[in-house]
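What the coordinates show
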Amino acid sequence: MKRIYMDHGATTPVDPRVVDVMLPYFTDKFGNASSLHSFGQEAAKVLEQSRQEVASSIGAKPEEIIFTSGGTESDNLAIKGIAYRNSDRGKHIITSTIEHPAVLNTCAYLENEGFEITYVSVDSDGIIDMDEFEKAIRDDTILISVMHANNEIGTIQPISDISKLTKEKGIYLHTDAVQSFGKIAVNVDELGVDMLSISSHKIYGPKGVGALYVRKGTPLQSLAHGGSHEQSMRAGTENVSGIVGFAKAVSLVNEHRIDDSKHMTQLRDSLIEKVMDSMDYVYLSGHAKKRLPNNVNLRFNFIEGESMLLFLDMKGIAISTGSACSSKSLKPSHVLTAIGLRPEDSHGSIRITLGKGNTQEEVDYVVEALIEVVGRLRAMSPIAGKMKLS
Ligand code: PLP
């Protein structure tokens, strides 16, 4: 059976060029980057080259990059790191209602530790409400954390507008760029952020590696105590092979992002158009234009996203009903609820996230499969039946 993967928002396959550069670092070049002998020095050298590659791709300096185990750890380090180190200045943090659980659950944890969190709402496209945002800022606000692009609906936030406010008021700004990095331009100065999270497995690199950008002079408390790795901000022997793979994936992003994103945008728009043209009661969630090049989030009336997912899986097609982390839960997605969808609309939603390797033929195959699956499920649906839908 033909297998088609369209869940690149959850994870991506590792690019074979990435695997090639990683392999020697498991065997011949296995040194610990902290060791003084030549094995160690070899590892230390490639670690710094990798740091340079990652830094230059986002307009940062190498010393502003802390390697982590991925997006979740980067988000934790940014938010808890600022909170613990700056609590004498204030204990108020602002975030949005549509953040990834890596941010929302970190904020919820801090609430139990005596911090106060304001969750700013978004409009029906998922764009943050700037007026509400401005009003939420207080004298004791120390940190604002708003994601660059949403993992479920792909909406891109006006981070540079937010940064004008935070700079004026001396508040630290963090953005989770896990989904945007590799698909749209990400530059720390243009965005005006103090901290930015990225993850390797969303950009055809290995899992379990990522980075936090920390602007020079941003006071952060380390969460892991141990050796003085990563400028004493993240103790633990560095994952050299993983970091080398991550850096290679970043270099491929630098070389091919514009072409790859153009390709995915064409596929995305073709998929949306074909689905909308061939079926009724289908709607797009998220902003039509300010959206990631690879994200399609559709809601179908009268049927369940989970059923669509399972029927498509039987045809070899991999998609999702939300973010990878929440798709096993039966609760309606907090993102779809935040943009104003009723629970039944959230339950009828699916997320298709394209990748650089997908083709127009695959898109056409998926559209055909969707038409068939939706028709079959609606034929079984009592509500659709009453409306004489097929
Ligand atoms: N932030 C966003 C927006 C994500 O989409 C994800 C993963 O889905 C994460 C953070 C977590 O990243 P990681 O899987 O590298 O921990």
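This is a predicted model, so every value here is computed, not measured.

This part is about the pairing of strand β10 (residues 295-300). The buried count for β10 comes to six of six residues, which makes it a mostly enclosed element. In β10, alternate side chains face the same way, and those of Asn295, Asn297 and Arg299 on one face and Val296, Leu298 and Phe300 on the other are all buried. Inspection of the sheet shows strand β9 (residues 282-284) paired to β10 by three bridges, in the antiparallel sense. Bridged to Val282 within β10 is Phe300. Here β10 pairs with strand β12 (residues 349-353) via five bridges, running antiparallel. By the bridge assignment for β12, Asn297 is matched with Arg351.

So, about helix α10 (residues 305-314). Where α10 is concerned, the buried positions are Gly305, Met308, Phe311 and Leu312. Projection of α10 onto a plane perpendicular to its axis shows the buried side chains occupying an angular sector of 130°, all on one side. Structural note: α10 exposes Leu310 and Met314 on the side pointing more than 90 degrees away from its buried face. If you follow the buried residues of α10, they end up packed against β10, β11 (317-318), α12 (343-347), β12 and α13 (360-380). Gly316 lies just past α10 and shows a positive phi near 85°.

Our focus in this paragraph is the side chain of Lys315. Residue position: Lys315 is located in the loop between α10 and β11. Among the residues examined, Lys315 registers a relative accessible area of 19% and is labelled buried. A distance of 2.8 Å separates a polar atom in the side chain of Lys315 from a polar atom in the side chain of Glu372. Discounting residues that sit within four places of it in the chain, Lys315 has contacts with Met1, Lys2, Tyr365, Ala369, Glu372, Val373 and Arg376.

This part takes up the site of the ligand. Near the ligand lie 13 residues; those nearest to it are Thr72, Asp176, Gln179, Ser199 and Lys202. At 2.6 Å, a side-chain N or O of Ser199 approaches an oxygen atom of the ligand. His201 is positioned with one of its side-chain polar atoms (N or O) 2.8 Å from an oxygen atom of the ligand. Protein contacts shield 89% of the accessible area of the ligand, which totals 390 Å² for the unbound molecule. Here the residues of the shell around the ligand sort into two nonpolar, eight polar and three charged.

This next bit is on helix α4 (residues 101-112). An ideal rise of 1.5 Å per residue puts 16 Å on twelve residues; α4 measures up with 16 Å between its terminal C-alpha atoms. For α4, the set of buried residues is Ala102, Val103, Leu104, Thr106, Cys107 and Leu110. Those residues of α4 that are buried are in contact with α3 (71-86), β3 (92-96), β4 (116-120), β5 (141-145), β6 (172-176) and α11 (334-338). Gly114 sits one or two residues past α4 and shows a positive phi near 95°.

With that settled, the discussion passes to the domain arrangement of the protein. You can read the domains of the protein as domain 1 (4-10 + 256-381) and domain 2 (16-252). Its C-alpha centre places domain 1 at a distance of 28 Å from the equivalent point of domain 2. In this complex, domain 1 contributes 30 residues to the contact, which on the side of domain 2 involves 31 residues. If you look at where domain 1 meets domain 2, you find zero salt bridges. At the surface where domain 1 touches domain 2, the tally comes to 16 residue pairs in polar contact (both at pLDDT 80 or more). Elements that contribute at least two residues to the side of domain 1 that touches domain 2 include exactly α9 (240-278), β10 and α11. Among the residues making up the side of domain 1 that touches domain 2, the classes are represented as nine nonpolar, 16 polar and five charged.

Locating Thr72 in the fold gives a position in helix α3. Residue class for Thr72 comes out partly exposed when judged on its relative accessible area of 48%. Sequence separation of Thr72 and Asp176 is 104 residues, and the distance between their C-alpha atoms is 9.4 Å.

Reading the values: rules and limits
- Residues numbered from 1 in each chain as written.
- Predicted model: local features only at pLDDT ≥ 70, side-chain atom pairs only at ≥ 80, totals over all residues.
- Heavy atoms only, no water.
- Buried < 20%, exposed > 50% of the residue type's maximum accessible area, 1.4 Å probe, protein only.
- Helix = DSSP H or I, 4+ residues; strand = E, 2+ residues; numbered from the N terminus.
- Pairing = 2+ DSSP bridges.
- Arc of directions from axis to C-beta.
- Contact = heavy atoms within 4.5 Å.
- Polar contact = N/O pair within 3.5 Å; in protein donor to acceptor, adjacent residues only side chain to side chain.
- Near = heavy atom within 4 Å.
- Areas by Shrake-Rupley, 256 points an atom, 1.4 Å probe, with all protein chains shown as cover.
- Nonpolar A, V, L, I, M, F, W, Y, C, P; charged D, E, K, R; others polar.
- Expected span 1.5 Å × (residues − 1).
- Domains from an automatic or database assignment.
- Salt bridge = Lys/Arg side-chain N within 4 Å of Asp/Glu carboxyl O.

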